[in-house]
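Chains, contacts and geometry: an overview
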Amino acid sequence: MKQKETKLMHDMKKANQPSPDIINTLFWRDILEAIGDPVSIQGTDFRILYQNSRSKEVIGDHAGERCYTAYENRSDVCDGCPLEISFRKGHTCTGLRHDTVKKGLVFEITSTPLRDAAGTIVAGIEVARVISGQLKIEEDLRKFKFISNKASEAHLLTDREGRIVYVNESFCRALGYSDKELLTLNVSDLVPVFDKTLYLEMFDLAQRQTVPPTERQIRRKDGSVFFSEIVVTGYEIDGKPYIFAVFRDVTSRKSIEDVMLKIAKGVSCLVGEKFFHSLAEYLCNILNADYAYIAEVIPGKPNFLRTLSFIADGKNIDNMEVDIAGTPCEKALEDNICLCPSGVQSLFPHARIMAAMKIEGYVGKLLYSSSGTKLGLVAVMYRKPVEHVAVVESTLRIFAARAAAEIERRQSEELLRRTNAELEMRVRDRTLELQNANEYLKEQIEKLKMARNALEVSETRFRTAATCIADLIWEGDVRTDSLHWFGDIDGMLGYEVGEFPRTISGLMENIHQDDRVKVVKAVKKALKAGKEFSAEYRIRSSNGTYHYWYESGKPVEFENLKPVKWVGSITDITNHKTAEQHLKESEHKYKALADEFNALLDAIPDSLILLSPDLKILWANKAFATNIGKKVSGIKGQHCYNLCCKIDNPCRNCPVIVSLKSGKEETTRVMNTAGRIFNKRAFPIKDKKGEIRNVIEVTRDITAKVHMEEEAKLVQSRLIHTNKMTSLGTLVSGVAHEINNPNSFILNNTQVFAEIWEDAVKLLSEHYQSDKSIHLAGIPFSEVRKLAPKLLYGINDGSLRIKNIVDNLKNFSRPDKARMDGKVDINTIIMTSTSILENQIKKFTNNYQVKCEDNLPFVKGSAQQIEQVVINLIMNALQSLPDKEAGISVFTKYNKRANRVEIRVADEGCGIDRKIIDRVTEPFFTTKYDIGGTGLGLSITDSIIREHNGSLIFKSNEGKGTIITVRLPLYESI
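Predicted, not measured: the structure shown is a model, and the values here were computed from it.

1. As for the sheet that holds strand β34 (residues 900–907)
- If you walk across this open sheet you meet the five strands as β31-β33-β34-β36-β35, and the pairing is mixed. If you trace the sheet from one side to the other, it starts and ends with β31 (847–852) and β35 (951–957), each paired once. Across the sheet, the mean angle separating the axes of adjacent strands is 15 degrees when strand polarity is ignored.
- In the sheet, β35 pairs with strand β36 (residues 961–969) via seven bridges, with the strands oriented antiparallel. From the neighbouring strand, Ile 953 faces β36, where its bridge partner is Thr 965.
- Set on the sheet, helix α28 (residues 826–836) makes contact with β31, β33 (887–895), β34 and β36; between it and β31 the angle comes to about 160 degrees.

Below, the structure written as structure tokens:
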């Protein structure tokens with residue numbers, strides 16, 4: 001283009017015509033319009049006589065104005081004006097001009113004087129070339145080198161032969177070379193295991209698309225090696241391909257990951273003492289510690305700890321109580337964590353035990369309960385300084401939550417054991433009272449000789465059933481006015497399930513108004529004496545009548561010396577009171593005694609039946625008849641298995657048959673078709689010779705208790721998962737930040753290269769008209785002109801995809817602050833999850849399909865938790881595939897019949913065994929221990945869906961695949 005402009009000026013001089021004539025000549029106007037740069041002609045008074053179309057487009061139409069007024073808004077000629085210099089010196093001049101009207105444009109101005117036939121200068125022609133892009137490229141290159149040298153990551157640029165052509169200062173520091181030394185080396189000199197073929201494949205792939213990050217060992221100048229994560233991007237400079245690589249030292253991260261994985265595999269399935277011993281052993285072995293221990297706080301002894309496991313030099317030491325005053329352990333209890341890599345004996349001179357053990361390094365972490373109270377410590381100790389403090393600290397922080405949860409579970413079991421022991425003591429005392437009552441009944445029976453045989457049977461029934469009677473157990477919290485019942489409180493008082501109040505105030509309202517003051521006085525008196533309280537009172541039943549209750553209890557938790565949590569038991573003594581009253585009214589009416597005895601058994605909420613050796617029902621209480629929907633009169637004489645289970649033969653696990661053979665009390669647990677769980681106990685009744693005459697079977701509904709145990713396991717799994725996701729979120733946020741830096745360079749540089757190509761293709765196109773043999777990188781120019789825009793678009797599109805994936809990762813790792821009432825678009829969740837898992841999907845399958853129904857209704861809940869569910873289900877499906885040809889399909893739809901939004905994940909994987917499909921949502925149950933599975937994924941998924949009032953449905957065909965359907969209620973229907 002510049003050659004054309006020079007030739008034009010030369011021809012115009014040669015024409016030797018006055019300026020106005022030249023302008024009005026059609027030939028010259030066509031030539032000036034054909035020039036791609038802005039061209040204008042000014043008179044010697046600097047008035048604009050002519051502008052071509054490009055000049056008007058870039059600068060504006062200013063014909064008739066003086067150039068310095070039109071372009072610079074000045075009243076006089078600009079300083080250094082090339083046109084003024086050309087008028088004065090009579091030859092072509094060049095200069096720069098910054099456009100003050102259109103900010104940011106910089107022009108290179110070439111001015112040439114025009115003469116008439118006599119040689120007098122009558123006008124001047126001015127050609128402007130926009131060079132803002134070129135200046136910006138030079139400035140961006142300078143900024144890139146400056147930023148690259150300031151970056152913490154190591155940067156490297158190599159050609160296809162592996163020769164190093166650029167390194168930044170961080171790369172030199174990381175490898176111990178100078179930049180001059182590195183520019184003489186090859187990639188093979190830095191990578192211990194170098195494969196030329198793999199390098200060329202990666203090089204060529206980088207020119208076409210984004211290359212996933214890889215990890216390699218890198219050799220330093222001194223011969224040592226370190227692990228580095230490498231991100232590679234293809235570049236083209238002056239028509240030659242290169243790759244730009246960013247190195248990040250991940251040696252510490254890999255060390256921490258290896259340690260975490262080994263410990264997690266060793267302790268994930270253990271509980272109790274086995275867990276503590278295993279965790280301490282793994283901490284010693286993997287962290288190379290001489291000592292490791294887990295200890296709990298001793299109530300009432302603030303300066304003492306009780307060890308739960310103590311490993312010294314690989315040996316298990318008996319548990320003991322240790323005084324921690326003046327030791328690092330005391331500091332860890334106060335400051336949450338104590339890091340003392342070396343100098344323990346000088347920093348803690350009063351720690352005599354540690355001096356005797358020759359402890360030099362110590363790292364300890366405080367263990368918290370779920371309510372924030374201090375539970376104990378987990379710590380490792382060394383006879384020499386700690387080498388990898390960060391690894392040790394991270395390990396203890398991660399496993400502290402698991403150890404704390406196990407201690408808290410252990411303490412809860414101990415509390416339950418003590419409560420059960422107290423209950424058994426009360427039952428024994430109550431049994432003794434009943435035995436005394438039986439003695440009294442025997443005296444009455446002697447007076448009724450005519451009914452001796454019948455009374456003997458009644459006494460036997462009463463004595464056997466009395467051993468099965470279970471008092472109501474309660475637990476109350478005055479802070480929340482909550483009251484939890486353990487037993488059938490509703491059935492005892494004739495209410496529907498869940499109808500009787502579960503609050504302390506609600507209980508007091510149902511106590512007879514004349515007895516309330518007596519109960520309050522009994523509690524105050526017991527507190528003052530430091531003993532447990534007991535009281536008898538009347539309680540209102542559902543029909544308005546009153547039951548007599550005997551209640552006892554004591555406080556188990558205090559705040560500010562005030563009792564806030566209580567436990568106790570209640571015995572319904574209504575029948576006892578009634579029996580006493582009837583005995584006083586008439587000692588001669590045996591029938592009344594028998595009726596009262598039957599009423600007592602009927603009042604028991606558990607199902608009671610008396611069976612003969614051939615399993616026929618001789619007697620049943622009202623609870624049994626109610627449970628099977630029969631009248632008591634229609635039960636006697638029928639076989640229990642036919643009446644209860646609708647079968648013709650005895651049940652396979654019947655405790656009555658086992659009791660008839662063993663002569664002892666037998667117990668078993670069964671589940672009915674409605675999912676209710678029952679505990680069945682069989683008690684043999686023997687005659688004076690010791691032979692079994694009959695068996696009493698007691699059935700108790702323990703569904704609520706079992707569900708509480710399952711909920712406790714689920715809470716424990718959620719605690720572990722929360723800690724894991726916190727650590728994962730920190731890691732993902734850091735990785736996303738590091739990826740964004742080089743990706744920003746790609747986006748910015750791609751835009752600059754697009755502008756360069758736009759200008760370059762115009763010059764090359766003109767040159768191509770006269771020279772058809774032009775090749776770029778060995779490719780004909782006619783093909784390059786079509787290919788180059790696609791390549792630039794591909795680079796820009798790939799970089800934008802990286803940015804979207806990073807943004808999704810950052811959103812996924814960000815803590816979920818949304819409430820459970822958010823308005824969630826399920827289709828958006830599916831597409832975001834697919835974007836996050838794009839690399840995993842490509843790794844496992846070539847057949848991945850997503851089909852989202854249009855106009856899908858919104859659901860109510862937490863978008864991030866639902867996204868976690870989708871990611872867990874897709875990852876499980878990917879890991880089940882046998883090869884990459886097996887496929888996965890993800891669908892969304894609105895189920896009108898169920899009025900639910902459905903997410904369906906179908907895979908062609910290995911399927912689930914029918915024997916274990918009902919256990920896949922249990923915490924810590926997994927079939928993938930060999931690849932690091934923890935058994936928490938589907939457990940957490942099931943918990944999240946249930947919290948959203950949804951359902952999780954499994955349908956699997958072993959060897960062919962699995963379909964998992966998630967159903968969530970609509971936003972408007974909740």
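2. A short note on the sheet that holds strand β23 (residues 607–611)
- Pairing is antiparallel in the open sheet, where five strands are placed in the order β24-β23-β27-β26-β25. In this open sheet, the two strands that pair with only one neighbour each are β24 (617–620) and β25 (666–671). Recorded for the sheet is a direction-independent mean angle of 25 degrees between the axes of neighbouring strands.
- The pairing of β25 with strand β26 (residues 677–686) spans six bridges and is antiparallel. Note that in β26 the partner of Thr 667 across the bridge is Arg 681.
- Packing of helix α25 (residues 655–662) onto the sheet brings it into contact with β23, β25, β26 and β27 (692–701), and relative to β27 it is tilted by some 145 degrees.

3. Side note on a positive patch on the surface
- The grouping of Lys 772, Arg 785, Lys 786 and Lys 790 at the surface amounts to a positive patch.
- The residue Arg 785 is located in helix α27 (residues 781–813) in this model.

4. Some remarks on the side chain of His 512
- When you line up the elements, His 512 lands in the loop between α19 (504–510) and α20 (516–529).
- With relative accessibility at 15%, the residue His 512 sits in the buried group.
- If sequence neighbours within four positions are ignored, His 512 has contacts with Arg 538 and Tyr 546.

Reading the values: the criteria
- Residues numbered from 1 in each chain as written.
- Predicted model: local features only at pLDDT ≥ 70, side-chain atom pairs only at ≥ 80, totals over all residues.
- Heavy atoms only, no water.
- Pairing = 2+ DSSP bridges.
- Helix = DSSP H or I, 4+ residues; strand = E, 2+ residues; numbered from the N terminus.
- Axes fitted to C-alpha atoms, helices over the stretch in contact; angles between N-to-C directions.
- Contact = heavy atoms within 4.5 Å.
- Patch = residues over 30% accessible without salt bridge, like charges linked within 9 Å, V, L, I, M, F, W, Y side chains within 5 Å.
- Areas by Shrake-Rupley, 256 points an atom, 1.4 Å probe, with all protein chains shown as cover.
- Salt bridge = Lys/Arg side-chain N within 4 Å of Asp/Glu carboxyl O.
- Lys, Arg positive; Asp, Glu negative; His and termini not counted.
- Charge placed at Lys NZ, Arg CZ, Asp CG, Glu CD.
- Buried < 20%, exposed > 50% of the residue type's maximum accessible area, 1.4 Å probe, protein only.

Function cannot be inferred from these measures alone, as they are strictly geometric.
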